[in-house]
Amino acid sequence: MKIATWNVNSLRVRLPHVLDWLSQEQPDILAVQETKTQDADFPANVFADNGYHALFSGQKTYNGVAVFSRNPGSERLTDPDNLDDPQRRILAASYDRFRIINLYVPNGSEVGSEKFAYKMDWLAKISEFIRRELERYPHTIVLGDFNIAPEDADVYDPALWRDKILCSPSERAAFQSLLKAGLHDAFRLFEQPESSFSWWDYRAAGFRRNLGLRIDHILISSALKPYCTACRIDKAPRKLEKPSDHTPVLIELDLK
DNA sequence: ATGGTGGGTAGCCCA
């Protein structure tokens, strides 16, 4: 079983890349972020034609999340009880053997800014929500664009990024607090190449020079951890013409 | 040199 996450930075623009990737990789689940597509315009029929069910929670211009899956999902949730937020950043749903929680964590702009305060508040509330979900659904995968590089090893130049947005101690503490709820960073369960990143700035030829950060993650619950057999970053889509600035991260689960 | 590029959308916001 293959499960992936990808910030596509506009589903409309990236539709050919997403369809090609689904056809090549044949994942069971693909969670995407930054669809920038309101629900009325979501191209669900295109995915149905390609053998994928789609759940989505979108808005105009900004944000938006969706989950594509071979089998239909159920118990869709977009608005946790403790989070009153018009921004479409979360989509949870249950599949045959596990629950998926797809997150588009706020970027936060700059440490200390109003958007940073929103990010930290959002993270605290989502962390509490995830704690409750884990109690109800022990087999859970939390994945998405976390907009947090958890460790210096996840940053091309840790000195340059020290205390900066995506790398600040409070963001990293929020990430650790998520793990403490009973989740594991699948990427770090396996040996990985050095300088592995999931996002590269469009500016300053970031990808060509591998000036990236690992901010897209797949966290698996303790109950699922024994069944996770691999986790990797697929850099191929980032090499295409007009790519997203993020590239897919995926895990393999051997649930027997 | 607080730059640079890209998406959505119509003069900017957001990443």
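Each value, and the rule that gives it
- Residues numbered from 1 in each chain as written.
- Chains lettered and ligands numbered in written order.
- Predicted model: local features only at pLDDT ≥ 70, side-chain atom pairs only at ≥ 80, totals over all residues.
- Heavy atoms only, no water.
- Pairing = 2+ DSSP bridges.
- Helix = DSSP H or I, 4+ residues; strand = E, 2+ residues; numbered from the N terminus.
- Axes fitted to C-alpha atoms, helices over the stretch in contact; angles between N-to-C directions.
- Contact = heavy atoms within 4.5 Å.
- Salt bridge = Lys/Arg side-chain N within 4 Å of Asp/Glu carboxyl O.
- Buried < 20%, exposed > 50% of the residue type's maximum accessible area, 1.4 Å probe, protein only.
- Right-handed = clockwise from strand over helix to strand, strands pointing away.
- UniProt positions renumbered as here; feature names shortened; annotations may be inferred.
- Polar contact = N/O pair within 3.5 Å; in protein donor to acceptor, adjacent residues only side chain to side chain.
- Expected span 1.5 Å × (residues − 1).

Visitor: Just to check I follow, could you spell out the sheet that holds strand E12 (residues 216-221) for this structure?
Guide: Two modes of strand pairing occur in sheets, parallel and antiparallel, and in both the strands are linked by backbone hydrogen bonds. Spatially, E5-E6-E7-E8-E12-E9 is the arrangement adopted by the six strands of the open sheet, whose pairing is mixed. At either margin of the open sheet sits one strand with a lone partner, and together these are strand E5 (74-77) and strand E9 (183-185). Between one strand axis and the next, the sheet turns through 20 degrees on average, direction left out of account. Here strand E6 (residues 90-94) pairs with strand E7 (residues 99-104) via five bridges, running antiparallel. Across the sheet, leucine 91 pairs through a bridge with asparagine 102, a residue of E7. Across the sheet, helix H5 (residues 169-180) touches E9 and E12, and the angle it forms with E9 is around 125 degrees.

Visitor: For this particular structure, what's the right way to read the pattern of salt bridges?
Guide: Charged atoms that come close allow side chains of opposite charge to pair. As enumerated under the stated definition, the model contains 14 salt bridges in all. Note that aspartate 152 and arginine 172 form a salt bridge whose closest N and O atoms lie 2.9 Å from each other. Here the residue aspartate 152 occupies a position in the loop between strand E8 (140-145) and helix H4 (158-161), and arginine 172 occupies one in helix H5, the gap between them amounting to 20 residues. Across the salt bridge formed by arginine 203 and aspartate 201, the nearest N and O atoms sit 2.9 Å from each other. Among the charged side chains, a network of salt bridges with common partners joins Asp154, Asp185, Arg188 and Arg214.

Visitor: Looking at this structure, how should I read the pairing of E8?
Guide: A regular strand carries its side chains on alternate faces of the sheet. Taking burial as the measure, the six residues of E8 include six buried ones, the bulk of the element. Examined bridge by bridge, E7 and E8 share six bridges and lie parallel to one another. Counterpart to tyrosine 104 in the pairing with E8 is aspartate 145. For the handedness criterion, the β-α-β arrangement of E7, helix H3 (residues 114-136) and E8 is classed as right-handed. As paired elements, E8 and E12 share five bridges and run antiparallel to each other. Paired with valine 142 across the two strands is leucine 219, which belongs to E12.

Visitor: Looking at this structure, I do not really get the UniProt feature "site: Important for catalytic activity" (unreviewed entry) in chain A. What am I missing?
Guide: Per the UniProt record, "site: Important for catalytic activity" (unreviewed entry) is found at Asp216. Note that aspartate 216 resides in strand E12. Judged by relative accessible area, which is 2%, aspartate 216 ranks as buried. Of note is the side chain of aspartate 216, whose polar atom sits 2.6 Å from the side chain of serine 198.

Visitor: Got a minute to help me understand H5 in this structure?
Guide: Since one α-helical turn is 3.6 residues long, residues separated by three or four positions face the same way. Taking 1.5 Å as the rise per residue, H5 with 12 residues should run 16 Å; its terminal C-alpha atoms sit 16 Å apart, in good agreement. Residues of H5 that are buried sit in contact with H3, E9 and E12. In the stretch just after H5, glycine 182 is the one whose phi turns positive, near 115 degrees.

Visitor: In this structure, what is going on with unusual backbone geometry? I would like to understand it.
Guide: Of all residues except glycine, most have a negative phi; of all peptide bonds, most are trans. Even without being glycine, lysine 36 reaches a positive phi, approximately 50 degrees. Of note, lysine 36 is situated in the loop between strand E2 (29-33) and helix H2 (44-49). Although it is not a glycine, lysine 242 sits at a positive phi angle of roughly 50 degrees.

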